[in-house]
Amino acid sequence: MEPSVSVRDLRISYGALDVIDNLQLDITPGEFLVLLGPSGCGKSTLLNAIAGLIDISDGEVWISGKNVTWDEPKDRGIGMVFQSYALYPQMSVEKNLSFGLRVARHSKKDIAERVSRAAEILQIEPLLKRRPSNLSGGQRQRVAIGRALVRDADVFLFDEPLSNLDAKLRVDLRVEIKRLHQRLRSTMIYVTHDQIEALTLADRIAVMHGGEIQQLDEPLTIYNRPCNMFVAGFIGSPA
Ligand code: ADP
Ligand code: MG
């Protein structure tokens, strides 16, 4: 089967520093892949390269069988959710959800349908007329996920979407995201430094360290058979 996302020979430098050097990654359609690793290991850099939000020094990114290396983010068929919610503060929740669709000149009817479907899936219908400033952190993050959802994304990218939430909400939304994946069956790439999140959400986990993927395997394999001392130490499994 053709990969949903394919990263080939990727190199990213900031000035003289190679943050990522010759990285390869193939993601299966419908897979929930978690990029797991400590702060500074290059998770966001890799995700942003897939999204087209940063310049790459070398290599290619393919999405759904198409070389998108030179395509703008909006043309890559992706939906992205960030750690900070990045909602438009002056717009209602409804306007936040529909903004991208209005820019892309979808019809009024189509916009209304997409917004109400996303609102239903994420259970934010009662919040549609409110401003982001009147929402809790968890509600804001639901809206941010909804905003990614209204587009026809083949691939969803999440960069530590739950890191700003308290422990209880983190668990609630984690279950929610898992359910969303089961319902949509889209490819999801999810960045976190939280081992529990990775182990509970992932079909496969890519453990990163120093800009390299140390091990790419199913959660149980990562946990039971870590390939090196770094992975064993980071995942907290018996080495
Ligand atoms: P993570 O998301 O895993 O915490 P990042 O991808 O944000 O890691 O960062 C990887 C490395 O690249 C770090 O050493 C970080 O300091 C460096 N880095 C990230 N963004 C920039 C930038 N805009 N300019 C220079 N260095 C950067
Ligand atoms: Mg990061």
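Worth saying up front: this structure is predicted, and the values here are computed from it rather than measured.

Sorry, what's going on with the site of ligand 1 here?
All residues in the neighbourhood of ligand 1 are listed as Tyr-14, Val-19, Gly-37, Ser-39, Gly-40, Cys-41, Gly-42, Lys-43, Ser-44 and Thr-45. The greatest single-element share of the shell around ligand 1, amounting to three residues, is contributed by helix H1 (residues 43-51). Considered class by class, the residues forming the shell around ligand 1 number three nonpolar, six polar and one charged.

Could you clarify how one ought to interpret the packing of helix H4 (residues 137-149) against helix H5 (residues 167-184) in this entry?
At their nearest, the axes of H4 and H5 sit 10 Å apart, and the two run at 25° to each other. Taken together, H4 and H5 sit at an angle that is classed as roughly parallel. Of the two elements, H4 crosses H5, and the hand of that crossing is right-handed. Two secondary-structure elements touch here, H4 through Gly-137, Gly-138 and Gln-141 and H5 through Leu-169, Asp-172 and Leu-173. Looking at the contact of H4 with H5 residue by residue, the classes come out as two nonpolar, three polar and one charged.

Would you explain the sheet that holds strand S1 (residues 5-14) in this entry?
Strand pairing in a sheet relies on backbone hydrogen bonds, with the paired strands running either antiparallel or parallel. Reading across the sheet, the four strands line up as S2-S1-S4-S5 and stay open at both edges, with antiparallel pairing between neighbours. Each of the sheet's edge strands pairs with one partner strand only, and the pair in question is strand S2 (17-27) and strand S5 (66-67). Note: strand S4 (residues 58-63) against S5, two bridges, orientation antiparallel. Within S5, the position partnered with Trp-62 by the bridge is Asn-67. Where H1 meets the sheet, its contacts fall on S1, S2 and S4, and the angle it forms with S1 comes to roughly 120°.

I'm lost on the UniProt feature "domain: ABC transporter" (unreviewed entry) in the protein chain in this one. Help?
Here, UniProt's "domain: ABC transporter" (unreviewed entry) annotation points to residues 5-235. Between the C-alpha atoms that bound residues 5-235 there is a distance of 25 Å. The span itself is 37% helix and 26% strand.

What is the right way to look at H4 in this model?
Structural remark: α-helix, 3.6 residues per turn; residues separated by three or four positions point the same way. Taking 1.5 Å per residue, 13 residues should reach 18 Å; H4 reaches 18 Å between its end C-alpha atoms and fits that length. Counting buried positions along H4 gives 11 out of 13 residues, so the element sits mostly inside the fold. Tucked inside the fold, the buried residues of H4 contact strand S6 (78-81), helix H2 (93-103), helix H3 (108-121), strand S7 (155-159) and H5.

Any chance you could explain unusual backbone geometry here in plain terms?
The phi dihedral of Ser-64 falls on the positive side, at around 50°, and the residue is not glycine. Inspection of the secondary structure puts Ser-64 in the loop between S4 and S5. Here Ser-64 falls in the partly exposed class, since 17 other C-beta atoms lie within 10 Å of it.

I tried to follow the nonpolar core on my own but got confused; where do I start?
A general tendency of soluble globular proteins is for nonpolar side chains to be buried together. Formed by 65 residues in total, the largest nonpolar core has its most connected members in Val-34, Leu-35, Ile-50, Leu-157 and Ile-189. Among residues more than four places away in sequence, those in contact with Ile-189 are Val-5, Ile-27, Leu-33, Leu-35, Leu-47, Ile-50, Val-155 and Leu-157.

Any chance you could explain the packing of H2 against H3 here in plain terms?
Here H2 crosses H3 at 135°, and the two axes come no closer than 10 Å. It follows from the interaxial angle that H2 and H3 lie oblique. The way H2 lies across H3 gives a crossing that is right-handed. Seen from H2, the contacting residues are Glu-94, Leu-97, Ser-98, Leu-101 and Arg-102; seen from H3, they are Ile-111, Arg-114, Val-115 and Ala-118.

Can you help me understand the pairing of S4 in this one?
Residues in a regular strand project their side chains so that they alternate between the two faces of the sheet. The sheet contact formed by S1 and S4 spans five bridges and is antiparallel. Of the residues in S4, the one forming a bridge with Arg-8 is Glu-60.

Explain the sheet that holds strand S10 (residues 212-217) here, please?
Read across the open sheet, the six strands follow the order S6-S7-S8-S3-S9-S10; overall the sheet is mixed. Looking at which strands have only one partner, the edges of the open sheet turn out to be S6 and S10. For this sheet, the mean angle separating the axes of adjacent strands, direction not counted, is 15°. Sheet topology places strand S3 (residues 32-36) next to strand S8 (residues 187-192); five bridges connect them, and they run parallel. Bridging from a neighbouring strand, Val-34 pairs with Tyr-190 of S8. Sheet strands in contact with H4 are S6 and S7, and its direction is about 170° off that of S6.

Conventions adopted
- Residues numbered from 1 in each chain as written.
- Chains lettered and ligands numbered in written order.
- Predicted model: local features only at pLDDT ≥ 70, side-chain atom pairs only at ≥ 80, totals over all residues.
- Near = placed C-beta within 6 Å.
- Helix = DSSP H or I, 4+ residues; strand = E, 2+ residues; numbered from the N terminus.
- Nonpolar A, V, L, I, M, F, W, Y, C, P; charged D, E, K, R; others polar.
- Axes fitted to C-alpha atoms, helices over the stretch in contact; angles between N-to-C directions.
- Parallel < 35°, antiparallel > 145°, perpendicular 65-115°, else oblique.
- Left-handed = near helix turned anticlockwise from the far one by under 90°.
- Contact = placed C-beta atoms within 7 Å.
- Pairing = 2+ DSSP bridges.
- UniProt positions renumbered as here; feature names shortened; annotations may be inferred.
- Expected span 1.5 Å × (residues − 1).
- Buried ≥ 20, exposed ≤ 12 C-beta atoms within 10 Å, placed from the backbone.
- Core = buried A, V, L, I, M, F, W, Y, C linked by C-beta atoms within 7 Å.

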